[in-house]
Amino acid sequence: MRRGGGFQRRQGGGSGLKGVVVKLSIAAFVLLICTLSLFYSSTPPTTSSFLHSNSRTQIHLEELWNNADSDGWRPSSAPRTYWPPPPSQTNGYLRVRCNGGLNQQRSAISNAVLAARILNATLVLPDLDANSFWHDHSGFHGIYDVEHFIKTLKYDVKIVETIPENQKNGKKKNIKAFQIRPPRDAPITWYTTEALKKMKEHGAIYLTPFSHRLAEEIDNPEYQRLRCRVNYHALRFKPHIMKLSQSIVDKLRAQGPFMSIHLRFEMDMLAFAGCFDIFTPEEQKILKKYREQNFAPKRLVYDERRVIGKCPLTPEEVGLILHALGFDNSTRIYLAAGELFGGDRFMKPFRSMFPRLKNHTSVEHSEDIVQNTRGLAGSAVDYMVCLLSDIFMPTYDGPSNFANNLLGHRLYYGFRTTIRPDRKALAPIFIDREKGRVAGFEDAIRKVMLKTNFGEPHKRVSPESFYTNSWPECFCQTAAKNPADKCPPNDILNVRNNELLEDAADETNSTIS
């Protein structure tokens, strides 16, 4: 049975269900308020009026350290239409295997919850395929707060840690999930037909792999808001990861505001992009071999790839952009990156411009720092520090990249400033510089950057991902012209509480009569 946010209220005999729905409303709004209170207690948001890309004529450095202008928008992922709780009986069990890195896994988990809702299925705690990518066996339990995840989503889907044994004729029997490989970006109709049919036949299905296996653009805002509830509320890292991340942020911020940069100048990304020619012959052999072993064959020409913006920015190019924007050598930068490919020669130009560089091991010197930053946990720590930083800059923000999800989280977290270089527009400027044509170089950089988005609300245009920009579905406006964008009233909790009391009284009177 297809389920969504546009259901009509049932008439008659539904007082018990109505009471549950009211509880859902209270829980959803309490969750939203508590989460936002936690977020904003760390760094109170400020706004400035310079971040309207259609009217910006210059970039003021001091304003970049503040949050972008929200224009009256704020995050809101609570249901706005009738959203019934999951029924006591579901169509079966849904298992998924989330492959890829942290970003892909978070998106896949959010998609899995939505798929379970669509299928009216009980979701089994997702498997994280961390071993092949991270050589890490910690799994969901090792990275995320499982109890919080299940509790937060209990009004959206039923979640269990494992498929229970089936009791039949007094005997216990394991339910074996039927394995299916879903199409990439599968539409909802695939789930309500093919997947549902197999689930009813076998009692459980196992979707693997499960990265980008549900269409992102869905014409149902309640479905999209469920994704946001999963991604920004339910998926909370384990306490030791949160504590370590906060400790790093506190130490960095004790010296003033700081910027975080995700420097995606790593072997896997360079090999995937086909960006070989700037490396030595020996390094090129390593990259080409890695590509042959991990990616499909494809003819890649470095110059062509670079011109269309497919190559990650080099550390030097990152430094030149920041310098053109007015940042100087006193700027404090947190680097979130794996092992940079090509040795220190690529970092020297960047470090000469911005010597105040830190990473999690250079900031935090506790004894358990190495133990708690291995594999996925290290990526999770970097994720949280980047989320909380005053400015964030990705050097490669493709749909399967660490920065993709993080950009959306920072938008949801109060329109926190991001610097998103347009690699395609910047490529000819850097190429001219390499050929000795340096006149007007910094002016050209600034001209490109004036057209980029710095974290304010903006329309999502393909190929931008929903996980990069969930506006407007997961936001509301305090003074909305469109009723669909209107925020819940300030006294919503009192209203819901009164409704709950009225429902309880109605049920009591019905029982007595």
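Residues numbered from 1 in each chain as written. Predicted model: local features only at pLDDT ≥ 70, side-chain atom pairs only at ≥ 80, totals over all residues. Heavy atoms only, no water.

- Going by an unreviewed UniProt entry, the protein carries the name O-fucosyltransferase family protein and comes from Lupinus albus.
- Per UniProt, the comment on the protein under Subcellular location (unreviewed entry) is "Membrane".
- Under the Sequence similarities (unreviewed entry) heading, UniProt states for the protein: "Belongs to the glycosyltransferase GT106 family." (UniProt positions renumbered as here; feature names shortened; annotations may be inferred.)

## Side note on the pairing of strand S10 (residues 259-262)
Sheet faces and side chains relate simply in a regular strand, where the side chains alternate between the two faces.
Okay, so step 1: Taking every second residue as pointing to the same face, both faces of S10 are buried, with Met259 and Ile261 on one and Ser260 and His262 on the other.
Okay, so step 2: Across 4 bridges, S10 lies against strand S13 (residues 391-394) in parallel orientation. If you follow methionine 259 over to S13, its bridge partner there is isoleucine 391. (Buried < 20%, exposed > 50% of the residue type's maximum accessible area, 1.4 Å probe, protein only. Helix = DSSP H or I, 4+ residues; strand = E, 2+ residues; numbered from the N terminus. Pairing = 2+ DSSP bridges.)

## So, the packing of helix H3 (residues 102-119) against helix H16 (residues 375-388)
Okay, so step 1: In the contact formed by H3 and H16, the axes pass within 10 Å of each other and the chain directions differ by 85°. With respect to their mutual orientation, H3 and H16 come out roughly perpendicular. Note on element contacts: H16 touches H3 through Leu376, Ser379, Ala380 and Tyr383, opposite Leu102, Gln105 and Arg106.
Okay, so step 2: When grouped by side-chain class, the residues that make up the contact of H3 with H16 number 4 nonpolar, 2 polar and 1 charged. (Axes fitted to C-alpha atoms, helices over the stretch in contact; angles between N-to-C directions. Parallel < 35°, antiparallel > 145°, perpendicular 65-115°, else oblique. Contact = heavy atoms within 4.5 Å. Nonpolar A, V, L, I, M, F, W, Y, C, P; charged D, E, K, R; others polar.)

## Re unusual backbone geometry
Okay, so step 1: Residues threonine 208 and proline 209 are joined by a peptide bond in cis, for which omega reads -5°.
Okay, so step 2: The linkage connecting tryptophan 471 with the following residue, proline 472, adopts the cis geometry, with an omega of 10°.
Okay, so step 3: Mapped onto the elements of the fold, proline 472 is located in the loop between helix H19 (441-449) and strand S14 (475-477).
Okay, so step 4: At aspartate 71, a position not held by glycine, the phi torsion is positive, near 55°.

## Regarding the state of the cysteines
Okay, so step 1: Considering all chains together, one arrives at 3 disulfides under this definition.
Okay, so step 2: With a sulfur-sulfur separation of 2.0 Å, cysteine 228 is cross-linked through a disulfide to cysteine 474. Taking the sign of the S-S torsion, about 95° here, the bridge from cysteine 228 to cysteine 474 comes out right-handed. With a gap of 246 residues between them, cysteine 228 in helix H8 (residues 221-234) and cysteine 474 in the loop between H19 and S14 connect regions that are remote in the sequence.
Okay, so step 3: Cysteine 228 gets classed as buried once you look at its relative accessible area, which sits at 1%.
Okay, so step 4: For cysteine 275, the disulfide goes to cysteine 311, at an S-S distance of 2.0 Å. Here the disulfide of cysteine 275 and cysteine 311 is left-handed, its torsion about the S-S bond being about -105°. You can see cysteine 275 sitting in the loop between helix H10 (267-273) and helix H11 (281-294) and its partner cysteine 311 sitting in the loop between helix H12 (302-307) and helix H13 (315-325), a full 36 residues away along the chain.
Okay, so step 5: Its relative accessible area of 1% is what places cysteine 275 among the buried residues.
Okay, so step 6: By relative accessible area, which is 10% here, cysteine 311 ends up buried. (Disulfide = S-S within 2.5 Å.)

## Topic: the sheet that holds strand S12 (residues 357-358)
Okay, so step 1: An order of S12-S11-S10-S13 is seen for the 4 strands of this open sheet, with the pairing classed as parallel. Looking at the sheet topology across the chains shown, the edges are occupied by S12 and S13.
Okay, so step 2: As paired elements, S10 and strand S11 (residues 333-336) share 4 bridges and run parallel to each other. Its bridge partner lying in S11, serine 260 is registered against tyrosine 334.

## Some points on the side chain of serine 211
Okay, so step 1: Tracing the backbone shows serine 211 in the loop between strand S9 (204-207) and H8.
Okay, so step 2: Residue serine 211 is classed as buried on the basis of its relative accessible area, which comes to 6%.
Okay, so step 3: Separated by 3.4 Å, the side chains of serine 211 and glutamine 104 make a polar contact. (Polar contact = N/O pair within 3.5 Å; in protein donor to acceptor, adjacent residues only side chain to side chain.)

## Re the pattern of salt bridges
Okay, so step 1: In the structure shown here, the tally under the stated rule is 20 salt bridges.
Okay, so step 2: Between glutamate 434 and arginine 306 there is a salt bridge, and its shortest N-O distance comes to 2.6 Å. Remark: arginine 306 occurs in helix H12 and glutamate 434 occurs in helix H18 (residues 423-434); sequence separation between them is 128 residues.
Okay, so step 3: You can call arginine 306 buried: its relative accessible area is 11%. (Salt bridge = Lys/Arg side-chain N within 4 Å of Asp/Glu carboxyl O.)

## Re the confidence of the model for the protein
Should pLDDT be low for a region, the predicted coordinates there are not to be read in detail.
Okay, so step 1: Residue-level pLDDT values for the protein average 83, and 80% of them are 70 or greater.
Okay, so step 2: Of the regions scoring below 50 in pLDDT, residues 1-54 engages in 120 contacts with residues more than four places distant in sequence or in other chains. (pLDDT = per-residue confidence, 0-100.)

## So, H18
Okay, so step 1: In a regular helix each residue adds 1.5 Å, so 12 residues correspond to 16 Å; H18 covers 16 Å between its end C-alpha atoms and thus fits that length.
Okay, so step 2: Of all the positions in H18, only Arg423, Leu426, Ala427, Ile429, Phe430 and Ile431 are classed as buried.
Okay, so step 3: The inward-facing, buried residues of H18 contact H12, H13 and H19.
Okay, so step 4: Glycine 436 occupies a position one or two residues after H18 and carries a positive phi of about 95°. (Expected span 1.5 Å × (residues − 1).)

## Regarding the packing of H3 against helix H17 (residues 402-412)
Okay, so step 1: The contact between H3 and H17 brings their axes to 6 Å, and the two run at 55°. In terms of axis orientation, H3 runs oblique to H17. As H3 packs across H17, the resulting crossing turns out to be left-handed. Between H3 and H17, the residues in contact are Leu102, Asn103, Arg106 and Ser107 and Phe402, Asn404, Asn405 and His409, respectively.
Okay, so step 2: The class makeup of the residues in the contact of H3 with H17 is 2 nonpolar, 5 polar and 1 charged. (Left-handed = near helix turned anticlockwise from the far one by under 90°.)

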